[in-house]
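Structural overview for review
Residue strings, one per chain:
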Amino acid sequence: VCAFEPKAKVSDACASYADLDQLNTRLHPYVRSLANNTDFFSYYRLNLYDKQCPFWSDENGLCGNIACAVTTIENEGDIPDIWKAEELSRLEGPKAKHPPRKEQRELQRPLQGELGDGVGESCVVEYDDECDERDYCVPEDEGAGTKGDYVSLNDNPERFTGYSGEGAHQVWDAIYRENCFSKPGAVKSQSAGSLSSDPFSPFGQNQAQAAMDFKQVMKAHDRQQAQSAGAAEDGPDFEDECLEKRVFHRVISGMHTSISTHLCYDYLNQTTGEWGPNLQCYKDRLHRKPERISNLYFNYAFLLRAVGKLRDYVQDYTFCTGDTVQDARTKKMITVLADAIPAGPKIFDESVMFTDHTLTGVELKEDFRNRFRNVSRIMDCVGCDKCRLWGKLQTNGFGTALKVLFEFGHGDVGQEKPLLRRTELVALINTLDKTSSALKALEYFRAAVEAETTGV
Ligand code: FAD
């Protein structure tokens, strides 16, 4: 039993991590297949080159390595029908025209009724950067007549690019600075020491005491380990901070861990010119950093919970393939995946967040949302195209998970669920895939260190 406190550390002895590893072993091939083998999920459309960094001049931080380049799809013929601008324009006809969001709320009737025959709401083009107030990200423009870059995600794997130094650090610094919530009234009702108030509590609340005891042992163990390894703790001290702020930090830090894992796992050996795992890279960045690893597990649980919650939503979703067989197959795959995720708050209990219904609670949520949007804007400052692609996609993926967890069913009675853009769905599934693959890569690295230590 293990407590997922902000300072909790991963340990081989911790059953809950083992449980998540087990779950991942079962789900990983499925998530991979969904992300890699369906047209809907293996392409992405985003504005990769035209958005300027809104915070500083990014000219100095540009990555000149060939590995930083992204291969975009220039030839319309190579884009699957689902993603073709032509297809999008076809859906842009008057019948499929999306009622303005304000009207939607006033109409208070099923959105489907407003659309043309056989046109699902997910087929409707997003015209501009219009932001739903419940979005956690600045949306990537999908509009048919607007500039967008088509990318095959399979052709542009997330891997080592050589992007580093001051430019990369400046971006990470800016991202972590977003965690400095300033609201003096931030909710402190979720005590840092209470397992039952942590959203990530795989074993439920009835074992809280056992977990607390275990936690004390683990803390002492980790402190000792960290001291002997000279490992430093990341991030601010959260002992006295509100739960939401801790969650914000864990999401960002877990994403950072995932990126580091991928770049170490698919590393370019500059002597041989071959790509493969680099054990030293893992040791330097992650091996003695239990908190970073813990935050990756946290993200896995968090994303799984969001995908699980989408089960019913996708039943009415039209994937716009124009190919009913492929459409049905994609829907079936998501449904099977969602069904395989333990239901209820067993893995991640989002209901303990933003529970303060006073004005302060609302403000905190707004603050949280705005800060996350800022993180998505900071991605335009990443000076390496490939890193920017995956940074944007994953931020969008986490933003979508936040939207699903905190805006679906958290609104006023009668308020419709927010729409999910296709880029949001694609980002969510691919972010889950990246996180799940990172956990698998960590298994490989742990075994490699063990083999090195024991000589076997
Ligand atoms: P960095 O990873 O740059 O970390 C900077 C500091 O942040 C560390 O010194 C540490 O104090 C802290 N830190 C590190 N990890 C964590 C964590 N998990 N939680 C909390 N704090 C932490 N490079 C690639 O090769 N391929 C990519 O695809 C790629 N994508 C990127 C995407 C983004 C959005 C950004 C900003 C950078 C990306 N990079 C990528 C660069 C990469 O992340 C590193 O910045 C680079 O490899 C330099 O690493 P570093 O060892 O100096 O530390």
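Coordinates for the structure precede this section.
In this report, the structure presented in the accompanying data block is examined. (Residues numbered from 1 in each chain as written. Predicted model: local features only at pLDDT ≥ 70, side-chain atom pairs only at ≥ 80, totals over all residues. Heavy atoms only, no water.)

Before going further, it helps to examine the state of the cysteines. Across all of its chains, the model carries 4 disulfides by this definition. Between the sulfur atoms of Cys53 and its disulfide partner Cys381 the distance amounts to 2.1 Å. Across the S-S bond of Cys53 and Cys381 the torsion is about 80°, and the bridge reads as right-handed. In this pair, Cys53 sits in the loop between strand 1 (43–46) and helix 3 (85–90) while Cys381 sits in the loop between helix 12 (359–378) and helix 13 (385–407), placing the two residues 328 residues apart along the sequence. For Cys53, a relative accessible area of 9% translates into the label buried. A relative accessible area of 3% places Cys381 in the buried class. The disulfide that involves Cys264 links it to Cys281, with 2.0 Å between the sulfurs. Because the sign of the S-S torsion sets the handedness, a value of about -65° for the bond joining Cys264 and Cys281 places this disulfide among the left-handed ones. (Disulfide = S-S within 2.5 Å. Helix = DSSP H or I, 4+ residues; strand = E, 2+ residues; numbered from the N terminus. Buried < 20%, exposed > 50% of the residue type's maximum accessible area, 1.4 Å probe, protein only.)

This part is about the packing of aromatic side chains. Two descriptors summarise a pair of aromatic rings, namely the distance from one centre to the other and the angle between the planes of the rings. In this structure the tally under the stated criterion is 15 aromatic pairs. Summarising the aromatic geometry, the rings of Trp172 and Tyr176 are spaced 6.2 Å apart at their centres and angled 35° between planes, so their arrangement reads as tilted. One end of the pair, Trp172, and the other, Tyr176, are both in helix 5 (residues 166–177), 4 residues apart, so they sit about a helical turn from each other. Overall, Trp172 belongs to the buried group, its relative accessible area being 17%. The interplanar angle of 90° and the centroid separation of 5.1 Å between the aromatic rings of Phe354 and Phe406 together place this pair among those described as edge-to-face. Of the two residues, Phe354 sits in the loop between helix 11 (324–340) and helix 12 while Phe406 sits in helix 13, which places them 52 residues apart along the sequence. One aromatic cluster in this structure is built from Phe248, Phe354, Phe368, Phe372 and Phe406. Just above the ring of Trp275 sits the side chain of Arg159; from NZ or CZ to the centre is 3.6 Å. (Phe/Tyr/Trp six-rings, centres within 6.5 Å; stacked < 30°, edge-to-face > 60°. Lys NZ or Arg CZ within 6 Å of the ring centre and 35° of its normal.)

Near the ligand lie 23 residues; those nearest to it are Arg159, Thr161, His169, Ser253 and His256. Contact between the ligand and Arg159: a nitrogen atom at 2.8 Å from a main-chain N or O atom of the residue. In this structure, a nitrogen atom belonging to the ligand sits 3.2 Å away from a side-chain N or O atom of Tyr176. In the complex, the protein chains occlude 82% of the 940 Å² of accessible area that the ligand would expose alone. Residue composition of the shell around the ligand, by class: 11 nonpolar, 7 polar and 5 charged. (Near = heavy atom within 4 Å. Polar contact = N/O pair within 3.5 Å; in protein donor to acceptor, adjacent residues only side chain to side chain. Areas by Shrake-Rupley, 256 points an atom, 1.4 Å probe, with all protein chains shown as cover. Nonpolar A, V, L, I, M, F, W, Y, C, P; charged D, E, K, R; others polar.)

Counting through the fold element by element, Arg446 comes out in helix 14 (residues 422–454). When its relative accessible area of 23% is taken as the criterion, Arg446 is described as partly exposed. Taking the C-alpha atoms as reference, Arg446 lies 27 Å from Gly397; in sequence the two are 49 residues apart.

We now examine the pattern of salt bridges. Counted under the stated rule, the structure contains 17 salt bridges. Between Arg311 and Asp339 there is a salt bridge, with its nearest N and O atoms 2.4 Å apart. Of this pair, Arg311 sits in helix 10 (residues 311–315) while Asp339 sits in helix 11, placing them 28 residues apart in sequence. Owing to a relative accessible area of 28%, Arg311 belongs among the partly exposed residues under this scheme. The closest approach of N and O atoms between Asp380 and Lys392, which form a salt bridge, is 2.9 Å. Placement of Asp380 in the loop between helix 12 and helix 13 and of Lys392 in helix 13 is noted, with a sequence separation of 12 residues between them. Assessed through its relative accessible area of 6%, Lys392 is described here as buried. Three or more residues are tied together by salt bridges with common partners; here these are Glu178, Asp367 and Arg371. (Salt bridge = Lys/Arg side-chain N within 4 Å of Asp/Glu carboxyl O.)

Moving on to the environment of His28. Following the sequence through the fold, His28 ends up in helix 1 (residues 15–37). On the accessibility criterion, His28 (14% relative accessible area) is buried. What His28 contacts, discounting residues up to four positions off in sequence, is Ser436, Ser437 and Lys440. A distance of 2.7 Å separates a polar atom in the side chain of His28 from a polar atom in the side chain of Ser436. (Contact = heavy atoms within 4.5 Å.)

Glancing now at the pairing of strand 1. On strand 1, burial covers both faces: Tyr43 and Arg45 on one face and Tyr44 and Leu46 on the other are all buried. Sheet topology note: the strand 1/strand 2 (residues 149–152) ladder contains 4 bridges and is antiparallel. Bridging from a neighbouring strand, Leu46 pairs with Asp149 of strand 2. (Pairing = 2+ DSSP bridges.)

Let us look at the side chain of Asp380. Given a relative accessible area of 8%, Asp380 falls into the buried group. A distance of 2.9 Å separates a polar atom in the side chain of Asp380 from a polar atom in the side chain of Lys392.

All right, on to the packing of helix 8 (residues 279–287) against helix 14 then. A packed helix pair is summarised by two numbers, namely the angle formed by the two axes and the spacing between the axes. At their nearest, the axes of helix 8 and helix 14 sit 11 Å apart, and the two run at 105° to each other. By the criterion of interaxial angle, the relationship of helix 8 to helix 14 is roughly perpendicular. Across the interface between the two elements, Leu279, Tyr282, Lys283, Leu286 and His287 from helix 8 touch Leu442, Phe445, Arg446, Ala448, Val449 and Glu452 from helix 14. Grouping the constituent residues of the contact of helix 8 with helix 14 by class yields 7 nonpolar, 1 polar and 3 charged. (Axes fitted to C-alpha atoms, helices over the stretch in contact; angles between N-to-C directions. Parallel < 35°, antiparallel > 145°, perpendicular 65-115°, else oblique.)

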